[in-house]
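Structural overview
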Amino acid sequence: MQKIKYPKVDEILYKEVLPSGLEVYLLPNKNVKNFYMTFSTKFGSLYTEFKKASAASYTKIPDGVAHFLEHITFKMPDGDASDYFANLGSESNAYTSFKVTCYEVYGYDKFKENLNYLLDFVQTPCYTSKMIEAEKGIIAEEVKMCEDNTLSLLSYSLYRNLFSKYKYSSFVCGNVKDVKSTTLKDIENSYQTFYHPSNMFIIITGNFNHEEALAIIEENQAKKKFENAPEIKIKRINEPNKVVKEYEEIPANVEVEKVNIGLKMPLSNFSKLNISDIKRDILVNIIINSNFGRTSEIRERLINGNIITDGIIASKYITDDYLIIELSAETPYPQRYISIMKEKLKKITITKEELEIKKRVAISNYILSFDDIEETSYNIQSDLVNYGQVIHNIYDIYNELDYSTAEEVAKKINDKNMAIVVLVPKEDK
């Protein structure tokens, strides 16, 4: 096993790649009593047009198939996988995001049984047309819940106005029409393409023996036969710089208006800075937090003026070609909020003092994060999905951050391509 050491935090991540290509990541923590194990595939809602390298053409599936597949993978010949885990005294769940589908188990006892069954149920495809038809009604109800959820509406409405081609604008679960049109062939094509061990990884954190865990996984996988690893090609989407719609008001079930401001910035803007993707992303996080976080001047001004009811929810994510920043808030004065935020966005800055304070806070949070086995697992997963490797030297990267680079990154954050969505209360009929 490869040992990956985390500097300054006295933690070791053990990594092994099995002959099938399956990647295993094990990070023991004897300070806790429980364990958390995830089995994930790099298949999310974005991947709706794909092919194996040997195929002549791309396969196109409806939106939401990755999520649909997550649902019915729990269906086993002898019952539902979640019931098995419950009988072991463990909790099981799963989720699908834009880029990954993750099956998770959280337990205190019977480590071997939990791990073997997690591997087995995910690697036992037993899909039927009858099963798929039966599940459509359940998933359609979930879609309707997403459509009625104000936070989902706020985000996805913004994405629809930011992107003309990217699938970020579609619900992870698709819409009701997508659900109804999903077929057994869609499910089987997706599973055969994306659920090969070479496109998957296991992460286990918590109280367990890493050598025992690897032995269990190796024994389990040795009993199974896998085809040769497919080379997967995802159809490239060329998303234009221009936003679809700069401003939209949407009637919703809200009592107070909610505003979401989205910035769409080409990653090419940052390429001349000659810094790594992870350093760019860390600096963007620090700059956003400094300008819009809980201790920022703009938040204090908006709160004191009763312009927002709480704080500004500031977040960022990276697409293939763009840095996206979202700034949302609840406000009884949406136009005033928008005006003040636009003014602020024209002068994004950071001082040396702010940079050093944010670095210290970030390092402290990073060290403390290892006490949370779920957060540790999520951070490993995020690294693998976003950077293709575990970023183990975060402590050193934070210490290497310099003010001149931070200044240059701050200058690249701008409002040239911006979309705004406002949820307004529905009028009583």
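In the block above lies the structure referred to throughout.
Conventions and cut-offs
Residues numbered from 1 in each chain as written. Predicted model: local features only at pLDDT ≥ 70, side-chain atom pairs only at ≥ 80, totals over all residues. Heavy atoms only, no water. Pairing = 2+ DSSP bridges. Helix = DSSP H or I, 4+ residues; strand = E, 2+ residues; numbered from the N terminus. Axes fitted to C-alpha atoms, helices over the stretch in contact; angles between N-to-C directions. Contact = heavy atoms within 4.5 Å. Core = buried A, V, L, I, M, F, W, Y, C linked by side-chain atoms within 4.5 Å. Buried < 20%, exposed > 50% of the residue type's maximum accessible area, 1.4 Å probe, protein only. Expected span 1.5 Å × (residues − 1). Arc of directions from axis to C-beta.

Taken in spatial order, the 5 strands of this open sheet run β13-β17-β14-β16-β15, and their pairing is mixed. What marks the edges here is a single partner per strand, and that holds for β13 (247-252) and β15 (313-318). The mean inter-strand angle of the sheet, taken between neighbouring strand axes irrespective of direction, is 15 degrees. Sheet topology places β15 next to strand β16 (residues 322-330); 6 bridges connect them, and they run antiparallel. In the strand pairing of β16, I318 is matched with L323. The sheet contacts of helix α5 (residues 150-162) involve β13, β14 (258-266), β15, β16 and β17 (418-425), and relative to β17 the element is tilted by about 145 degrees.

Right, let's get into the nonpolar core. By size, the foremost hydrophobic cluster in this structure holds 76 residues, and its most contacted members are F111, L118, F121, Y195, I204 and I217. Ranked by residues supplied to this core, first place goes to helix α3 (residues 111-122) with 7 residues. Those residues in contact with Y195 that lie beyond four places of it in its chain are T41, F43, L69, T73, T101, Y103, V122, S190 and M200. The next biggest cluster of nonpolar side chains, apart from the first, holds 63 residues, and it includes L27, V259, L401 and V424.

Turning next to helix α12 (residues 334-345). For α12, which comprises 12 residues, the first-to-last C-alpha distance of 16 Å matches the rise-based estimate of 16 Å (1.5 Å per residue) to within 8%. Listing the buried residues of α12 in full gives P334, Y337, I338, I340, M341, K344 and L345. On an axial view of α12, the arc spanned by its buried residues comes to 170 degrees, and they lie on one face. Looking at the packing, one finds that the buried side of α12 touches β13, β14, α10 (277-292), α11 (297-304), β16 and β17.

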